[in-house]
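Structural overview for review
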Amino acid sequence: MKKLINSRETLVEDLLRGFAEANHHLVELVPNTHIIRRKNPKGKDKVKFIIGNGAGHEPAVIGWVGEGMFDMNIVGEIFTAPSADQILQGIELINDGSPILVAVQNHAGDVINADLACEMALEKGIDVRQVLFYDDIASAPKGMEEERRGVGGMLFYTKIVGSFFDSGGSIEEGIKLFERVRD
């Protein structure tokens, strides 16, 4: 036996539900979605920090939702980016009028879908911006940093920027901090 699953058809839903139930004091699964969000959301005056990524890496990145980190993770299928519609749904759910920063892993599907979701959110008048994870030095040489993928180093700038936003930092300064840590 290599895997412990109930059903291929419900694998992602089962893992998200199980994670949320095991960590019910910290996070919740938004009903009928693939969205894990903080149980106790930040106030309306603070920047919301979110990410979308494919399932299959648990407990990362759903384990990074909580105080001092992400406010929400929008989860796609196994090793597949969430769709633009799923990301937009997450943006709309967390929108309370305060700015929203979407962190995007530098993988083609994640970038394309996040770009489209953010465009649609902007058209709806939502204050949303994006930052790009590209910390994997093994995936592209010096001088081609923007070709690198987002991988293991993401934890560090997620924690630093998430804590900055929890303490009331602005989105502009948070973006600069994210880029400085990444670079």
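Anything mentioned here points back to the structure above.
Scoring rules and cut-offs
- Residues numbered from 1 in each chain as written.
- Predicted model: local features only at pLDDT ≥ 70, side-chain atom pairs only at ≥ 80, totals over all residues.
- Heavy atoms only, no water.
- Pairing = 2+ DSSP bridges.
- Helix = DSSP H or I, 4+ residues; strand = E, 2+ residues; numbered from the N terminus.
- Right-handed = clockwise from strand over helix to strand, strands pointing away.
- Axes fitted to C-alpha atoms, helices over the stretch in contact; angles between N-to-C directions.
- Parallel < 35°, antiparallel > 145°, perpendicular 65-115°, else oblique.
- Left-handed = near helix turned anticlockwise from the far one by under 90°.
- Contact = heavy atoms within 4.5 Å.
- 1 Å grid on protein atoms, 1.4 Å probe; cavity = no way out; pocket = protein on both sides within 12 Å on 5 of 7 lines; lining within 4 Å.
- Points joined across faces, edges and corners; volume = space filled by probe spheres on them.
- Nonpolar A, V, L, I, M, F, W, Y, C, P; charged D, E, K, R; others polar.

Let's talk about the pairing of strand S6 (residues 128-133)
- Bridge analysis of strand S5 (residues 100-105) against S6 gives 6 bridges, and the strand direction is parallel. Counted as the bridge partner of Leu-101 is Arg-129 from S6.
- On the question of chirality, the crossover connecting S5 to the parallel S6 by way of helix H3 (residues 108-123) is right-handed.

Examining the packing of helix H4 (residues 154-166) against helix H5 (residues 171-182)
- Put simply, H4 and H5 touch, their axes get as near as 10 Å, and they point 160 degrees apart. Accordingly, the angle class assigned to the pair H4 and H5 is roughly antiparallel. As H4 packs across H5, the resulting crossing turns out to be right-handed. In this structure, H4 contributes Tyr-157, Ile-160, Val-161, Phe-164 and Phe-165 to the contact, and H5 contributes Ile-171, Glu-173, Gly-174, Leu-177, Phe-178, Val-181 and Arg-182.

Brief notes about empty space enclosed by the protein
- Applying the stated criterion across every chain yields a total of 1 cavity of 30 Å³ or more.
- For the largest cavity, the full set of lining residues is Ile-51, Gly-52, Ile-74, Pro-82, Ile-87, Val-102, Ala-103, Val-104, Asp-110 and Ala-114.
- Top element by residues in the lining of the largest cavity is S5. It accounts for 3 residues.
- A class-by-class count of the residues in the lining of the largest cavity yields 8 nonpolar, 1 polar and 1 charged.

Brief notes about the sheet that holds S6
- What the 6 strands build is an open sheet, ordered S1-S2-S4-S3-S5-S6; its pairing is mixed. Of all strands in the sheet, those with a lone pairing partner are strand S1 (27-29) and S6, marking the two edges. On average, each strand axis in the sheet is inclined to that of its neighbour by 25 degrees, with strand direction left out of account.
- Of the strand pairs in this sheet, strand S2 (residues 35-38) and strand S4 (residues 72-78) are connected by 3 bridges, and their pairing is antiparallel. Paired with Arg-37 across the strands is Met-72, a residue of S4.
- Most of the contacts of H3 go to S6, to which it runs at about 165 degrees, and overall it touches strand S3 (48-55), S5 and S6.
- Here H5 sits on the sheet and contacts S3, S5 and S6; the angle it forms with S6, its principal contact strand, is near 10 degrees.

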